[in-house]
Amino acid sequence: MERKDYLQNARASGGVLTLTPNIFPSKRLNINSQLQVVSVQIQLKSLITVCFIYLPPNEIIRQTDLDDLIKQLPVPFIILGDFNGHNTLWGSVDTNARGRQVEKLLDGHSLCLLNNSSFTHFHPATKTFHTLDLAICSSSLAPYWDFSVSDDLFNSDHFPIILTYSRNDFNFPKRPIRFIFDKADWHLFNSHCEFTQDMVRQPDVAVDSVTKCLLKAADMAIPKSSGNLPRLYKPWWNDNCKAAKKAQRRAWDKFRRYPTTANHIAFKHAKSFFRKIRRQSKNSSFQKYVGSIQGHLSSKRMWEKVRKILGTNKFYHGISFLQTNGQLVSHTKGIANTLGSAFANVSSGDSYSQTFINYKKQQEKRIIDFNTLTSLAYNVDFSLHELRRAIRCSHPTTPGPDGIHHDMLKNLSKKSLGLLLILFNRIWNEHVFPMAWNRAIVIPILKPGKNPEDPSSYRPIALTSCLCKTLERMINARLIHVLEEKKLLTEFQSGFRYGRSTMDNILNLETAIRDAFITKKHLVSIFFDVEKAYDRAWRHGILNDLHNMG
């Protein structure tokens, strides 16, 4: 959302606002003008500048201000707004000074007017229709955009203007198609998802075979979403609202055909009644929703409801243009490559000091021998109990590139689970990591308060295979057990430990502060915030530490 408010004598008067879909890369364009304008650049088939303008009817607009605005807009551009000008060129019955001014602007800059003869404004006092809202564009865009006007005022005095792209060479973005597990037929899924011994012979081939079998069964037993973008959900909309809206529309259509005083009064009554019904419905819906927040709800569900009330349940910044090496990156593929390069640079060794790089090269020449006794407890084959526990403890996270979801694994038959366990044990014993598990879907997340145009302002979230995460969870459980049993972790570490949390450290710090007050001593606390600690972790050093622990 981009806006420019206009204040007159400390009161809001006019102003311009634009809402840009967050499914398209976009960027606000700063315009140096006294006019009420706001402009954005948006990446569609190509990069287009869209400018929204409002020219008050009783304000003197200089021709030089309009000319200067055109010079600041990168081509190609579209200008939409309320110009408050009359001209026979766009269907008015007469021409006023503002209309001649706009006509001069069109001729002076070789611009095209997309308007047809449709009215765009209804004047309630005189019950007349006018054309005040215009759509102006660069000559290169005129052949590809069609102009139309909605026949519904939507409780305004201006009809919405609709510009439609006329060519068929643009694919509108869709949401990822997902399985709808609430409507799954798990009995049918089990009947079609039966692993065989031949599937799990070679780890690399076995992973592909298991994945294909799971997806084939899921396609038969689990319905999928359409991929279309969802419509705005209105929880307060009911049959009374629908009937009142229909009555208002009927009264409006009658007035447009026969613009008499009686029909206008009937339309205003229908409009007032619909507004009353809508307000009552919203109040009733809100009271019912607030009443559903009761003591029997879990804390997670309660805070979900509170966030919905505050409007902060789901926030998505959208795709922003990026600035890299002084260049503007607006195309989706270019944005993806730029972010990928930024993430790779963070994980590379370029940020290491030369002293550490020399030490790192020297240490990595030493080969770490992880061959140990297979009879040790943490080296034996995994059991079916460990596999079931890992699947049971999994969360319904978004699947990775293979499309396998944890809910599919939770509903496998006992026979299929046994063969999946054989596959995991072969990977474990043969030290072969499947190539398919090296791929991930990387989602960039904008850090709070950071510049969205800076590639370094994003942190990556990698969506990996659920099969891989299941095996990782089994291995991690064994490692944690060994570390805890041999007391290899310091007692001051509370994060990522069962039965412990960072609250333990906070309580220890609070106790130390209170003791310092009682004994009248000074307490010094040092807090470290290591920048990009996870991305820059030295993997060979971590493996060497694990090897030294035995």
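In what follows, the accompanying structure is described. (Residues numbered from 1 in each chain as written. Predicted model: local features only at pLDDT ≥ 70, side-chain atom pairs only at ≥ 80, totals over all residues. Heavy atoms only, no water.)

1. Points about the nonpolar core
Phase 1 of the analysis: Core analysis: the largest hydrophobic core is formed by 37 residues, its most contacted members being Phe189, Cys193, Phe195, Leu214, Leu412, Leu423 and Trp437.
Phase 2 of the analysis: Elements with a minimum of two residues in this core: helix 4 (203–221), helix 10 (384–392), helix 11 (406–410), helix 12 (414–430) and helix 13 (466–485).
Phase 3 of the analysis: Among the elements that make up this core, the one with the highest residue count is helix 4 (8 residues).
Phase 4 of the analysis: Discounting residues that sit within four places of it in the chain, Cys193 has contacts with Cys213, Leu214, Ala217, Leu412 and Ser416.
Phase 5 of the analysis: By size, the runner-up hydrophobic cluster in this structure holds 22 residues, among which are Ile61, Ile70, Phe77 and Leu106. (Core = buried A, V, L, I, M, F, W, Y, C linked by side-chain atoms within 4.5 Å. Buried < 20%, exposed > 50% of the residue type's maximum accessible area, 1.4 Å probe, protein only. Helix = DSSP H or I, 4+ residues; strand = E, 2+ residues; numbered from the N terminus. Contact = heavy atoms within 4.5 Å.)

2. A few points about the sheet that holds strand 12 (residues 133–137)
Phase 1 of the analysis: Spatially, 5-6-7-8-12-9 is the arrangement adopted by the 6 strands of the open sheet, whose pairing is mixed. Whereas interior strands pair on both sides, the edge strands pair on one side only; in this sheet they are strand 5 (26–29) and strand 9 (112–113).
Phase 2 of the analysis: Where strand 6 (residues 36–43) lies against strand 7 (residues 47–54), 8 bridges are found, and the strand directions are antiparallel. Across the sheet, residue Gln41 finds its bridge partner in strand 7, namely Thr49.
Phase 3 of the analysis: Where helix 1 (residues 63–72) meets the sheet, it contacts strand 5, strand 6, strand 7 and strand 8 (77–82), and its direction lies at approximately 160° from that of strand 7. (Pairing = 2+ DSSP bridges. Axes fitted to C-alpha atoms, helices over the stretch in contact; angles between N-to-C directions.)

3. Some words on empty space enclosed by the protein
Phase 1 of the analysis: Enumeration over the complete set of coordinates arrives at 1 cavity of 30 Å³ or more.
Phase 2 of the analysis: As for the largest cavity, its lining consists of Asp152, Leu153, Phe154, Asn155, Ser156, Lys245, Gln248, Arg249, Trp252, Phe267 and Lys271.
Phase 3 of the analysis: Counting residues per element, the ones that place at least two in the lining of the largest cavity are helix 5 (239–257) and helix 6 (261–291).
Phase 4 of the analysis: A per-element tally of the lining of the largest cavity places helix 5 first, with 4 residues. (1 Å grid on protein atoms, 1.4 Å probe; cavity = no way out; pocket = protein on both sides within 12 Å on 5 of 7 lines; lining within 4 Å. Points joined across faces, edges and corners; volume = space filled by probe spheres on them.)

4. Topic: helix 2 (residues 97–108)
Phase 1 of the analysis: Between its terminal C-alpha atoms helix 2 stretches 16 Å, which fits the 16 Å expected from 12 residues at 1.5 Å a residue.
Phase 2 of the analysis: All buried positions along helix 2 are accounted for by Arg98, Gly99, Gln101, Val102, Leu105 and Leu106. For helix 2, the buried positions fall inside an angular range of 160° around the axis, keeping them on one side. The outward face of helix 2, more than 90 degrees from its buried face, is lined by the exposed residues Ala97, Lys104, Asp107 and Gly108.
Phase 3 of the analysis: If you follow the buried residues of helix 2, they end up packed against helix 1, strand 9 and strand 12.
Phase 4 of the analysis: In the stretch just after helix 2, Ser110 is the one whose phi turns positive, near 55°. (Expected span 1.5 Å × (residues − 1). Arc of directions from axis to C-beta.)

5. Some remarks on the packing of aromatic side chains
Phase 1 of the analysis: This model, assessed by the stated rule, comprises 20 aromatic pairs.
Phase 2 of the analysis: In textbook terms, an aromatic cluster arises when at least three aromatic residues are bridged by ring pairs, as seen for Phe119, Phe122, Phe129, Phe159, Trp252, Phe255 and Phe267.
Phase 3 of the analysis: The residue whose ring lies beneath Arg278 is Phe274, and the NZ or CZ to ring-centre distance is 4.9 Å.
Phase 4 of the analysis: Across the ring face of Trp236, the terminal group of Lys282 is positioned such that the distance to the ring centre comes to 4.9 Å. (Phe/Tyr/Trp six-rings, centres within 6.5 Å; stacked < 30°, edge-to-face > 60°. Lys NZ or Arg CZ within 6 Å of the ring centre and 35° of its normal.)

6. Some points on the pairing of strand 12
Phase 1 of the analysis: Along strand 12, 5 of the 5 residues are buried, which leaves the element largely enclosed by surrounding structure.
Phase 2 of the analysis: Because side chains alternate across strand 12, one face comprises the buried residues Asp133, Ala135 and Cys137, and the other comprises Leu134 and Ile136, equally buried.
Phase 3 of the analysis: Here strand 8 pairs with strand 12 via 5 bridges, running antiparallel. The residue bridging Leu80 from the neighbouring strand is Ala135, located in strand 12.
Phase 4 of the analysis: Direction of pairing for strand 9 relative to strand 12: antiparallel, over a ladder of 2 bridges. Across the sheet, Leu113 pairs through a bridge with Ile136, a residue of strand 12.

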